[in-house]
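# Observations on the model geometry
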Amino acid sequence: MLLARFKGLITRDAGADRVVPPAGFTVRLTLFTAAAMAFLTVFALALSLAAGRLASTWGEELARASTIRISAPEGQLAAQTATVLRVLEQTPGIDSARALTTDEQRALLEPWFGPDLPLESLPMPQIVEVQEAKGGYDADGLRLRLQAEAPGAVLDEHNRWRRPLVAAAGRLRLLGWVAIGLIGAATGAMVTLAAHAALAANAQVIAVLRLVGATDGYIAGAFVRRFTLRTLTGAAVGTFAGLIVLLLMPSAGDTGGILTGLRFGGLQWLWPLLVPLSAAAVAFVATELAARRVLGELA
Amino acid sequence: MIELDNVAYSYSGAALFSGLSLQLAPGSFHFLTGPSGSGKTTFLKLCYGALRATEGRVSVFDTDVADMDRDAVAFARRRIGVVHQDCQFLDHLPLAENVALPLTVTGQASVDQVDNLRELLTWVGLTAKADALPPELSGGERQRAALARALILSPDVILADEPTGNVDWEMSQRLLRLLVELNKMGKTVMIATHDLMLIRAAKSLVPARILRIAGGTLQSAGADL
Ligand SMILES: Nc1ncnc2c1ncn2[C@@H]1O[C@H](COP(=O)(O)OP(=O)(O)O)[C@@H](O)[C@H]1O
Ligand SMILES: [Mg+2]
């Protein structure tokens, strides 16, 4: 039955559209609120997705968080590297450790010094990549041991400071989704109020329709159609405006954090399309329920 | 068609009437008369399911109204043309669309019905007003439009509440003849009116049964008119 109503919604039923008096105040209010809510949803969505992206890239970096840089005179480098790898092997909380090859080191430096760097003639430190296990390791303990056994080794935990930020980003993403949920609920509440008011204000219209043999389904359908389409229109406008504003945000490329990363990436641009559709679905259900209640009361 | 069996009705409190029994046989023609406030409108509302009897049984097309849900009442209404006393319309739609409203809500609005609509409007003398909005019409025009609307689905039963209350004598004769003609085509007709002149005029046209509701009871009132 609901499905039939939904079909009536999309196939144009001009008759049902006309029996409800033309756009009243409540309907204009619905249009405006739907637009505002959709605008806000786009930002909440962008925030959520950006925070999610940030959390996962930072999280990936965290997973291979540490490096050990070994600077030693030419002759001792290999020995100290071997010591470091042995120490790491014995350290609990370390998944794996690997000394980078010369080519890999060259690739790391290339962005800064260009491809023609004569690495062989430079005193290059050896980089050891440390993959920590899930629980992490005791960084201070490791540092002390390295100091004793391989004085040229420096533990660089450059990504560790991001750990709380990853947690914060995760929290932010959750917050974004909560905000979207609240906006959806508020939209539903608003449409319910507006539909309720419109139905009550049109008690005479409903009486006339009943007199000539209209079923509750027909009457409800006329109102549902009106409110759903208005919400869809308003939400589409709001979403479009939100996207424009997002597009106009200054871009900082890959280096951007949460502020400049407030945009959608790749297929994520499809997400906002769901905003008007979800708003319409919310309006559809809210009006249907309001109509059933009011029609029951007016019986 | 419509049957009332020992029916009582009261609007919160004192009974308006009680012990009413009546059968509207197919093809019959009834007048319902009585002083203002005696319950004629209430009686008609019981007959089309707008009100439910406080006591007794009302059945419409062989179904007890008490057993009907709102959809069932809606479907029964499509077979009962009702001319409401206060002739309510959808004020934002032109008269022609209001008259065609029963077709719209039952999904029968189509071009084939245009001739039907035009003929009806001609009958009630409203062709010139087809595009007017209901608030722009006079009381009599509204009544004629309400009658046209009640007839457009070609109902089996026509219940008219004071259909000639606001029209001049000539027009009331014309509407009466329209109702008599419909009755001759087999439709069951009941007219609530306090207009005794109209009832007298009808006597020469149709063998009508005249009922009088007064003091909470229903009596046959053929002889004294
Ligand atoms: N909705 C209502 N609530 C309470 N009393 C009503 C209502 N409708 C009508 N009445 C009362 O019922 C009585 C009969 O009304 P009605 O059926 O309209 O009489 P008639 O049509 O014969 O003039 C009147 O006294 C009227 O005041
Ligand atoms: Mg009355």
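Refer to the preceding data block for the structure.
Residues numbered from 1 in each chain as written. Chains lettered and ligands numbered in written order. Predicted model: local features only at pLDDT ≥ 70, side-chain atom pairs only at ≥ 80, totals over all residues. Heavy atoms only, no water.

Right, let's get into the overall build of chain B. Counting its regular elements, chain B contains 8 helices and 10 strands. Dimensions of chain B, computed from C-alpha atoms along their principal axes, come out at roughly 45 × 40 × 30 Å. In chain B, buried positions account for 55% of the 225 residues. Taking the intrachain contacts of chain B between residues at least 6 apart in sequence as the baseline, contacts between residues at least 24 apart amount to 71%. (Helix = DSSP H or I, 4+ residues; strand = E, 2+ residues; numbered from the N terminus. Buried < 20%, exposed > 50% of the residue type's maximum accessible area, 1.4 Å probe, protein only. Contact = heavy atoms within 4.5 Å.)

What follows covers the environment of Leu88(A). In this structure, Leu88(A) sits in helix 4 (residues 77-90). Excluding anything up to four places from it in sequence, Leu88(A) contacts Ile68(A), Ile94(A), Ala97(A), Val128(A), Val130(A) and Leu142(A).

Quick look at a nonpolar patch on the surface now. Taken together, Trp177(A), Trp271(A), Leu274(A) and Leu277(A) make up a surface patch of nonpolar side chains, about 400 Å² in accessible area. Within the secondary structure layout, Trp271(A) lies in the loop between helix 9 (216-248) and helix 10 (274-297). (Patch = residues over 30% accessible without salt bridge, like charges linked within 9 Å, V, L, I, M, F, W, Y side chains within 5 Å. Areas by Shrake-Rupley, 256 points an atom, 1.4 Å probe, with all protein chains shown as cover. Salt bridge = Lys/Arg side-chain N within 4 Å of Asp/Glu carboxyl O.)

What follows deals with the interface of chain B and chain A. With 21 residues of chain B at the interface, the matching set in chain A holds 22 residues. Looking at the side of chain B facing chain A, the largest losses of area belong to Arg70(B), His92(B) and Val105(B), adding up to 32% of the total buried there. On the surface where chain B and chain A come into contact, there are 1 salt bridge. Here Asp216(A) and Arg70(B) are joined by a salt bridge, their closest N and O atoms 2.6 Å apart. Joining chain B to chain A, the criterion identifies 5 residue pairs in polar contact (both at pLDDT 80 or more). For the side of chain B that touches chain A, the secondary structure elements donating two or more residues are helix 2 (70-77) and helix 4 (101-105) of chain B. The dominant element in the side of chain B that touches chain A, judged by the number of residues it contributes, is helix 2 of chain B, at 5 residues. Of the residues assigned to the side of chain B that touches chain A, the class counts are 11 nonpolar, 4 polar and 6 charged. (Buried area = accessible area lost by both parts, 1.4 Å probe. Polar contact = N/O pair within 3.5 Å; in protein donor to acceptor, adjacent residues only side chain to side chain. Nonpolar A, V, L, I, M, F, W, Y, C, P; charged D, E, K, R; others polar.)

Residue and element names in this part refer to chain A. Applying the stated criterion across every chain, the model contains 11 salt bridges over all chains. For Arg292, the salt bridge is made with Glu288, and the minimal N-O distance between the two is 3.5 Å. In this pair, Arg292 and Glu288 are both assigned in helix 10, 4 residues apart and thus about one turn of the helix distant. Accessibility expressed as a relative area gives 4% for Glu288, which makes it buried. Each member of the salt-bridge network shares a partner with another, and the members are Arg86, Arg145 and Glu149.

A word on the packing of helix 7 (residues 162-201) of chain A against helix 10 of chain A. Residues and elements named next belong to chain A. Between helix 7 and helix 10, the shortest axis-to-axis distance is 8 Å and the interhelical angle comes to 35°. Where helix 7 crosses over helix 10, the two elements pack in a sense that is right-handed. Only Val282, Ala283, Ala286, Thr287, Ala290, Ala291, Arg293, Val294 and Glu297 of helix 10 make contact with helix 7, whose side of the interface consists of Gly184, Thr187, Gly188, Val191, Thr192, Ala195, His196, Leu199 and Ala200. Among the residues forming the contact of helix 7 with helix 10, the class breakdown is 10 nonpolar, 6 polar and 2 charged. (Axes fitted to C-alpha atoms, helices over the stretch in contact; angles between N-to-C directions. Left-handed = near helix turned anticlockwise from the far one by under 90°.)

Residues and elements named next belong to chain B. The local shell around ligand 1 consists of Tyr11, Leu16, Pro35, Ser36, Gly37, Ser38, Gly39, Lys40, Thr41 and Thr42. Contacts to ligand 1 include Gly39, whose backbone N or O atom sits 3.0 Å from an oxygen atom. Here Thr42 contributes a side-chain N or O atom positioned 2.5 Å from an oxygen atom of ligand 1. Computed on the free molecule, ligand 1 has an accessible area of 560 Å², of which 55% lies beneath the protein chains in the complex. (Near = heavy atom within 4 Å.)

Peptide bonds are, in most cases, trans, and in most cases residues other than glycine have a negative phi. All names here are of chain B. One non-glycine residue, Asn6, adopts positive backbone phi at about 55°. With respect to the helices and strands, the residue Asn6 is situated in strand 1 (residues 2-9). Phi is positive for Asp62, close to 65°, though the residue is something other than glycine. Along the chain, the position of Asp62 falls in the loop between strand 4 (55-60) and strand 5 (63-64). When its relative accessible area of 74% is taken as the criterion, Asp62 is described as exposed.

This paragraph deals with the sheet that holds strand 4 of chain B. All names here are of chain B. Taking strand neighbours across the sheet as the criterion, the 4 strands line up as 2-1-4-5 in an open arrangement whose pairing is antiparallel. Looking along the sheet, the strands with just one partner apiece sit at the ends: strand 2 (17-24) and strand 5. Two elements, strand 4 and strand 5, share 2 bridges in a ladder whose sense is antiparallel. Bridging from a neighbouring strand, Ser59 pairs with Asp64 of strand 5. (Pairing = 2+ DSSP bridges.)

It is worth spelling out the coordination of the magnesium ion (ligand 2) at this point. Residue and element names in this part refer to chain B. All of the protein donors around the magnesium ion (ligand 2) are Thr41 (OG1) and Gln85 (OE1); their distances to the metal are 2.0 to 2.4 Å. Of this pair, Thr41 sits in helix 1 (residues 40-47) while Gln85 sits in the loop between strand 6 (80-83) and helix 3 (95-99), and the two are 44 residues apart along the sequence. For Thr41, a relative accessible area of 22% corresponds to the partly exposed category. The exposure class of Gln85 is partly exposed, given its relative accessible area of 36%. (Donors = N, O, S within 2.8 Å, 3.2 Å for Na, K, Ca; no water.)

Residue and element names in this part refer to chain A. At a closest axis distance of 8 Å, the pairing of helix 9 and helix 10 adopts a crossing angle of 150°. Relative to helix 10, helix 9 is oriented roughly antiparallel. The handedness of the crossing between helix 9 and helix 10 comes out as right-handed. In this structure, helix 9 contributes Asp216, Ile219, Ala220, Phe223, Val224, Phe227, Thr228, Thr231, Leu232, Ala235, Ala236 and Thr239 to the contact, and helix 10 contributes Val275, Pro276, Leu277, Ala279, Ala280, Ala283, Phe284, Thr287, Glu288, Ala291 and Leu295. (Parallel < 35°, antiparallel > 145°, perpendicular 65-115°, else oblique.)

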